[in-house]
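# Residue-level structural notes
Letter by letter, the chains look like this.
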Amino acid sequence: MATTKRLLRVLAGEASWPPPIWLMRQAGRFLPEYRAVRAKAGDFMSLVTNPEMAAEVTLQPVRRFGMDAAIIFSDILVLPWALGQGLKFEAGEGPVLPPIRDRAGIEALDPTQLAGRVAPIQESLRRVKCEVGDAALIGFAGAPFTVACYMVEGGGSKDFSATRAMAHGDPAMFGALLHIIEAATVEFLSAQIEAGAEVAMLFDSWAGILSPRLFQRHVTEPTGRIAAALRARHPEIPVIGFPRLAGTMIGDYARKAGVQAVAMDTAADPRVVRTLVPDHLALQGNLDPLAVVAGGQTMREETAGLLDAMRGRPFVFNLGHGIVPQTPPGHVAELVAQVRAA
Ligand code: 1CP
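The sections below set out a description of the structure shown in this document. A quick note: this is a predicted structure, and the numbers were derived from the prediction, not measured. Residue numbers here run from 1 along each chain, matching the order of that chain's written sequence. Totals for whole chains, interfaces and linings use all residues, but because this is a predicted model, local features are given only for residues with pLDDT of at least 70 and pairs of side-chain atoms are given and counted only at 80 or more. The basis for every side-chain value is the complete set of heavy atoms in the structure, and neither hydrogens nor water enter the calculation.

## Observations regarding helix H8 (residues 144–153)
Which entries qualify depends on this criterion: Burial status follows relative accessibility: with a 1.4 Å probe on protein chains alone, a residue under 20% of its type maximum counts as buried, one over 50% as exposed, and anything between as partly exposed. Each helix corresponds to a stretch of at least 4 residues labelled H or I by DSSP, and each strand to a stretch of at least 2 residues labelled E; elements are numbered beginning at the N terminus.
Burial of H8 is extensive: ten of the ten residues sit out of reach of the surface. Those residues of H8 that fall on the buried side of the exposure criterion are Pro144, Phe145, Thr146, Val147, Ala148, Cys149, Tyr150, Met151, Val152 and Glu153. Just past H8, the residue glycine 154 takes up positive phi, approximately 90°.

Structure representation (structure tokens):
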């Protein structure tokens with residue numbers, strides 16, 4: 001591999017050490033410089049669709065901490081928005097969408113709007129690409145099941161019961177919705193790659209709420225089709241899959257989904273995952289974001305244990321879920337220093 005970008009070398013299967021590091025949700029509310037731009041932008045989607053500001057917040061954590069990746073500032077709910085389902089981010093409450101519970105809601109989705117609506121995100125990627133240096137640029141989307149969760153529920157939920165009820169009660173209708181999301185996700189990720197993304201990541205944050213049979217059908221299989229479609233169009237672009245809370249199904253997912261790396265959530269035991277996932281695939285994760293809030297000895301011990309468990313195989317240091325807003329930026333700087341000294 002000719003690239004000097006550490007993350008890309010690891011995603012190509014190299015057990016480079018010390019491992020590259022970036023943090024999920026690294027562009028966001030824990031940084032005062034993000035909060036300043038966010039206040040100027042107004043609402044969340046105004047920030048996402050403003051390439052100058054979106055590029056700026058994408059680069060902030062790379063400048064401050066020297067992260068090995070920049071992840072484009074966007075959201076998994078940009079996809080339903082780009083399909084014409086409304087989307088609002090209510091202050092302090094998270095996303096709100098008009099819920100889809102019937103065929104009419106599915107038929108109202110309009111994939112022809114997608115290309116135009118994601119054009120500002122492509123422009124953000126082009127701008128970041130010019131300034132990103134040796135950090136790799138990550139484009140992303142939600143995986144179909146997780147995106148469907150928000151589209152059916154109309155926002156976040158404790159247990160996504162309306163979504164699971166639809167998946168079991170009307171498999172044909174749920175399948176039709178997932179099919180639209182899957183096709184749109186291929187287009188959305190391809191658009192990001194064409195604008196400069198060097199890695200594609202699929203966030204399946206709610207994968208673990210499904211039964212094993214439905215996990216296969218709605219997580220592993222759609223991810224496999226998306227990865228294959230991307231491979232056909234952009235063979236050089238690695239895909240990172242994040243099947244959160246997959247438990248032991250992470251092994252089957254790793255073998256069948258066609259991804260180059262699998263992200264582990266906080267509950268995954270890296271020593272066990274190591275035995276389940278083929279050696280040539282990279283693993284990513286999985287420090288508890290709350291250990292970074294605490295900092296000090298607990299963060300150092302958890303980090304040392306994780307590094308020990310992953311030594312000798314392709315590994316990307318990260319958190320097991322997104323960084324939380326109350327994280328002191330100084331703790332992140334200490335974490336990066338510890339990983340760099342590994
Ligand atoms: O006020 C704000 O600034 C809004 C907070 C915020 C941010 C910073 C939201 C709302 N989205 C984002 C950006 C974001 N979201 C990124 C950009 C890169 C980065 O910050 O470094 C990424 C990768 C995401 C991914 C995302 N959004 C996921 C998957 C990962 C995960 O954490 O599980 C999910 C589930 C979402 C939905 C979402 N967007 C925002 C919120 C508050 C939520 C969660 C809603 C819920 O379930 O309650």
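And the narrative resumes.
## A short note on helix H2 (residues 32–41)
Under the convention used in this document: By arc we mean the arc of the directions from the helix axis to the C-beta atoms, nothing more. Contacts: residue pairs with any heavy atoms within 4.5 Å of one another.
Every buried residue belonging to H2 is among Tyr34, Val37 and Ala41, and all of these are buried. Along the axis of H2, the buried positions cluster into a sector of 70°, meaning they face one direction only. The exposed set on the far side of H2, more than 90 degrees from its buried face, consists of Ala39 and Lys40. Looking at the packing, one finds that the buried side of H2 touches helix H3 (44–48) and helix H4 (51–65). Looking one or two residues past H2, glycine 42 carries a phi angle of roughly 95°, positive in sign.

## Digging into the site of the ligand
Under the convention used in this document: The nearness test applies per residue and asks whether one of its heavy atoms lies within 4 Å of the molecule or strand. We call two N or O atoms a polar contact when they sit within 3.5 Å, provided that within protein one can donate a hydrogen and the other can accept it, with sequence-adjacent residues counted only if both atoms are side-chain atoms. Per-residue and other accessible areas follow the Shrake-Rupley method at a 1.4 Å probe size, with only the shown protein chains counted as cover for residues. Gly falls in the polar group here, along with every residue not listed as nonpolar (Ala, Val, Leu, Ile, Met, Phe, Trp, Tyr, Cys, Pro) or charged (Asp, Glu, Lys, Arg).
Close to the ligand lie 21 residues; Ala27, Tyr34, Asp75, Tyr150 and Ser205 are nearest. One of the side-chain nitrogen or oxygen atoms of histidine 321 is found 2.7 Å away from an oxygen atom of the ligand. In the complex, the protein chains occlude 86% of the 890 Å² of accessible area that the ligand would expose alone. By residue class, the composition of the shell around the ligand is twelve nonpolar, five polar and four charged.

## Details of the pairing of strand S5 (residues 199–204)
Side-chain direction in a regular strand flips from residue to residue, so the side chains alternate between the two faces of the sheet. Counted only if it meets this: Two strands qualify as a pair provided DSSP detects at least 2 bridges between them.
Across the six residues of S5, six count as buried, placing the element largely inside the fold. Judged by which residues are buried, S5 turns out to be covered on both faces: Val199, Met201 and Phe203 on one side and Ala200, Leu202 and Asp204 on the other are all buried. The pairing of strand S4 (residues 136–142) with S5 spans five bridges and is parallel. Bridge pairing in S5 places phenylalanine 140 opposite methionine 201. Note that S5 and strand S6 (residues 239–243) share five bridges and pair parallel.

## Let's talk about the sheet that holds strand S9 (residues 315–319)
Note: strands within a sheet are paired through backbone hydrogen bonds, in either parallel or antiparallel orientation. How we decide: Angles here are taken between N-to-C directions and fall from 0 to 180 degrees, while the axes themselves are lines fitted to C-alpha atoms, restricted in helices to the stretch in contact.
Here seven strands make up an open sheet; going across it, the order is S1-S4-S5-S6-S7-S8-S9 and the pairing parallel. In this open sheet, the two strands that pair with only one neighbour each are strand S1 (69–71) and S9. Across the sheet, the axes of successive neighbouring strands diverge by a mean angle of 25°, strand direction being ignored.

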